[in-house]
Amino acid sequence: MLVHICLNKLPLELKARFERRYGGDSDRLPQFDQIITFLEDECRHYDNVGDAALVDSAPTSRTFERRPEYSHTQQSNRPRRAYVSQDSRQFVQTLEHIKLNEKEILVSFDVESLFTNVPISECVELVKSKLQENNIPDEYAILLEHCLTSGYLVYRNEYYLQVEGVAMGSPVAPVVANLWMEKIDNLAISTTAFPVKLWKRYVDDIFCILEGTETEVMQYLSYLNSIHTKSKFTVEIEKERSLAFLDIKVTVQKDGTLGHTVYRKPTHTDRYLHATSHHHPRHFDSVVSSLVDRAYDLCDKIQIKEELLHVEGVLRNNGYNIDISRWRHKHNKSRRPKSCSVKRQKTFLPYIKGVTDKISRLLSKYSVDTVFTPHRKIKQMLRSPKDNFPLQHPGVYKVDCSCGSSYIGQTKRTIARRIAEHIKAIKNNDPRKSAIAEHLYL
């Protein structure tokens, strides 16, 4: 019902496009996820909306998968924001050209509970202003507001409405949160008298280089916390001229340049997929390649040797017997993309040594890629902590009639959908599609 209310309040042009995309069957309830995805795709159709937010968004999100033609446009044509780091590798490239003096120190700031403290009304106005700047109709902001103010959730069979912030896990939440943080970035740099040499943000983590003492850093923290009542920051100051940011440990060298290597938390166990596990060889290769590639990408020339020795020891402890010095060259040659004249859908198979790997080799002759999956995952053995919605699973159901008879049915679709089909057949007086309708009218 709430989905229908949101849909009916849309401008006619947007509603027509939504119905053309997902079908205009009035008896079939549209999914709220469809409205959110529709919003993302409509907004991303215009190159100038939410530049920094889209740069920060994960490239493996559902929107990028469904609309690949936008992904290339965003990566190639959108201007990169000066205050945003896309990932650890881009951040390392930034450090290559920086040199500190004796008075400059490394600082990191963290935004407390970013998603649940995003001010919805101000974000909607921010989106409206961007739309107006680019001569785009305000109807997209109307649709966005519907999505952001309809965050319903269920806990112990009680329904709640989220009135503060954006919902964790919502496809539109990262876009809105990054739009808001873009505004905070600009205010933190442009409206302060503190000498900020570098400000790089990844979602809610910020790496900063300031000139001053620790007392002045705390003063700057107070200024950041005064920008907006909903945006509060915490701070971490360098120790022994080094500071961790993301998975990188940044160290100030004697000449003022910045060294960098891989950072691991004290609780890190160095446990990975063991080489004796029953998995496809590709899975073992991915463990090695991810660790080796990260070492080469994140370490400077001084730290790379030590990191590779650490990786080699970790792999040995996990049952691998691989020469790291030869691996990278071999790996780069093996992952060259193969030319394929016909794009075919991937197939997913459980890995059974001597069986499904042979099937994979046969499929590869017809340009069909195979993805091997484990037999059972831990989450399949544990009960989901989320509330189960009634009748939202396939199964057997029973419908009682006032005459004393009962109908027992079984469906592979959700029971709720099958019940809705019975109701539709009764309304349309169509006994061919429902035994219950047949019972009532015959």
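Coordinates for the structure precede this section.
None of these values were measured; they are calculated from a predicted model.

Draft legend 1. Molecular detail of the sheet that holds strand β9 (residues 258-262). Overall, antiparallel pairing links the three strands, which are arranged β7-β8-β9 in an open sheet. Single-partner strands in this sheet number two, and they are β7 (242-245) and β9. Strand-to-strand twist in this sheet, taken as the mean axis angle between neighbours without regard to direction, amounts to 25 degrees. Across four bridges, β7 lies against strand β8 (residues 248-252) in antiparallel orientation. Residue pairing across strands places Phe245 opposite Ile248, the latter belonging to β8.

Draft legend 2. Representation of the sheet that holds strand β6 (residues 233-237). Taken together, the four strands give an open sheet; going across it, the order is β4-β5-β1-β6, and neighbouring strands pair in antiparallel fashion. Each edge of the open sheet is held by one strand with a lone partner, namely β4 (196-202) and β6. Strand-to-strand, the axes of this sheet are offset by a mean angle of 20 degrees, without reference to chain direction. Pairing of strand β1 (residues 104-111) with strand β5 (residues 205-211), which is carried by seven bridges, proceeds in the antiparallel orientation. The residue bridging Asp110 from the neighbouring strand is Asp205, located in β5. Across the sheet, helix α10 (residues 173-190) lies against β1, β4, β5 and β6, angled at about 175 degrees from β4, the strand it touches most.

Draft legend 3. Just the packing of α10 against helix α11 (residues 214-225), in detail. Running from N to C, α10 and α11 cross one another at 135 degrees; their axes reach a closest spacing of 10 Å. Comparing their axes, α11 and α10 come out oblique. Helix-helix and strand crossings are classified by hand; for α10 and α11 the assignment is right-handed. In contact with Leu187, Ala188 and Ile189 of α10, α11 contributes Tyr220, Tyr223 and Leu224. For the contact of α10 with α11, the residue count by class is six nonpolar, no polar and no charged.

Each value, and the rule that gives it
- Here the residue numbers are simple positions, counted from 1 along each chain's written sequence.
- With the structure being a predicted model, the display of local features is reserved for residues of pLDDT at least 70 and the display and counting of side-chain atom pairs for 80 or more, all residues being used for whole-chain, interface and lining totals.
- Heavy atoms from the whole structure form the basis of all side-chain values; hydrogens and water molecules are not counted.
- Strands are labelled as partners when DSSP assigns at least two bridges between them.
- Where helices and strands are cited, they refer to DSSP runs of H or I of at least four residues and of E of at least two residues respectively, numbered from the N terminus.
- Note on definitions: angles span 0 to 180 degrees between N-to-C directions of axes, and those axes are lines fitted to C-alpha atoms, for helices only across the stretch in contact.
- For this analysis, residues touch if any pair of their heavy atoms sits within 4.5 Å.
- The scheme is simple: roughly parallel for angles under 35 degrees, roughly antiparallel for over 145, roughly perpendicular for 65 to 115, oblique for anything else.
- We call a crossing left-handed when the near helix sits turned anticlockwise from the far one by less than a right angle, and right-handed when that turn is clockwise.
- Ten residues, namely Ala, Val, Leu, Ile, Met, Phe, Trp, Tyr, Cys and Pro, are considered nonpolar, four, namely Asp, Glu, Lys and Arg, are considered charged, and the remaining ones, Gly among them, are considered polar.

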